[in-house]
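# Observations on the three-dimensional arrangement
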Amino acid sequence: MSSSSAAPAAKPPMRDALVAAAFRLFSEHGYEQTTVDDIVALAGVGRRSFFRYFPAKEDVVFPDHERCLADMTAFLAAGGEECEPVRRVCDSARMVLHMYAENPAFSVQRYRLTRKVAGLRASELSVVWRYERAMAGYLRGRFTGHPDGTLRADVIAAAVVAAHNNALRSWLRSDGRGDAVAALDHALGYVQREFGRPQETAAGRTTVWPGSAPDGGDAPHPDDVLVLVTRRDAPLWRVVQELETATRRA
């Protein structure tokens, strides 16, 4: 026999309840004025429960970064030699953006809060630095034995983070409207064109990443194709050098 009464709504997980309570209080009273005791009182739990999930009050502002950093690090570690390394780190940056895009309202709310509280901006920068270090560590491993391998890894990791942050902050400033993924793909395209390995055709030739014309030059016709023949084991700097020479001659 069916019941006419609706089932009670399931309570959110304690961790989510703590985050919701914290942001409600931050919005109503301000971050500095809100204490951990205020948060646990609103969430209906004890202080021990709070510190089981969050080491400090500022950590409740970034509840998803530890999981995302762990997932991203595992993703990078799983990339074998067949993976083009620059594309791999670009894909790992997309994982971070998807974390933000999963909950636009929360991401925008957090962005507004971190703009107001200097201490939270410092915490956010620390989180960003950890993402960048994970990317650089992966790239250093892939560029071992290459000329300037460590330098190249650090520069590319910084460029990927800069591209990600440019797309993310533009999206957050628009209150989460628009296509964040498309914006990130556009930004990361610059990184891949500058640093990525050109894609090989079946004939062993390389095709050039589509990009803008050199400064002062005419934009290439959309039907123009430039094919560069090079050795498979040629270092990337040599490929770029040959490409620049061929472009000047074209």
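Residues numbered from 1 in each chain as written. Predicted model: local features only at pLDDT ≥ 70, side-chain atom pairs only at ≥ 80, totals over all residues. Heavy atoms only, no water.

## Some points on the environment of Ala167
Tracing the backbone shows Ala167 in helix α8 (residues 149-173). Here Ala167 falls in the buried class, since its relative accessible area comes to 3%. Counting along the chain gives twelve residues from Ala167 to Asp179, while the straight-line C-alpha distance between them is 9.7 Å. Not counting chain neighbours up to four residues away, the residues in contact with Ala167 comprise Ala183 and Leu184. (Helix = DSSP H or I, 4+ residues; strand = E, 2+ residues; numbered from the N terminus. Buried < 20%, exposed > 50% of the residue type's maximum accessible area, 1.4 Å probe, protein only. Contact = heavy atoms within 4.5 Å.)

## Let's talk about the UniProt feature "DNA-binding region" (unreviewed entry) in the protein
The feature "DNA-binding region" (unreviewed entry), as annotated in UniProt, sits at residues 35-54 in this numbering. Taken end to end, residues 35-54 comprises 75% helix and 0% strand; its first and last C-alpha atoms sit 13 Å apart. (UniProt positions renumbered as here; feature names shortened; annotations may be inferred.)

## What about the pattern of salt bridges?
Under the criterion given, the structure shown has 14 salt bridges. Note that Asp64 is salt-bridged to Arg110, the shortest N-O span being 3.1 Å. Linking Asp64 in the loop between α3 (47-53) and α4 (65-77) with Arg110 in helix α6 (residues 104-116), this pair joins segments that are 46 residues apart in sequence. Residue class for Asp64 comes out buried when judged on its relative accessible area of 14%. Judged by its relative accessible area of 3%, Arg110 is buried. Among the salt bridges present, the one from Glu124 reaches Arg115, with a minimum N-O distance of 2.7 Å. Here Arg115 falls in the partly exposed class, since its relative accessible area comes to 36%. (Salt bridge = Lys/Arg side-chain N within 4 Å of Asp/Glu carboxyl O.)

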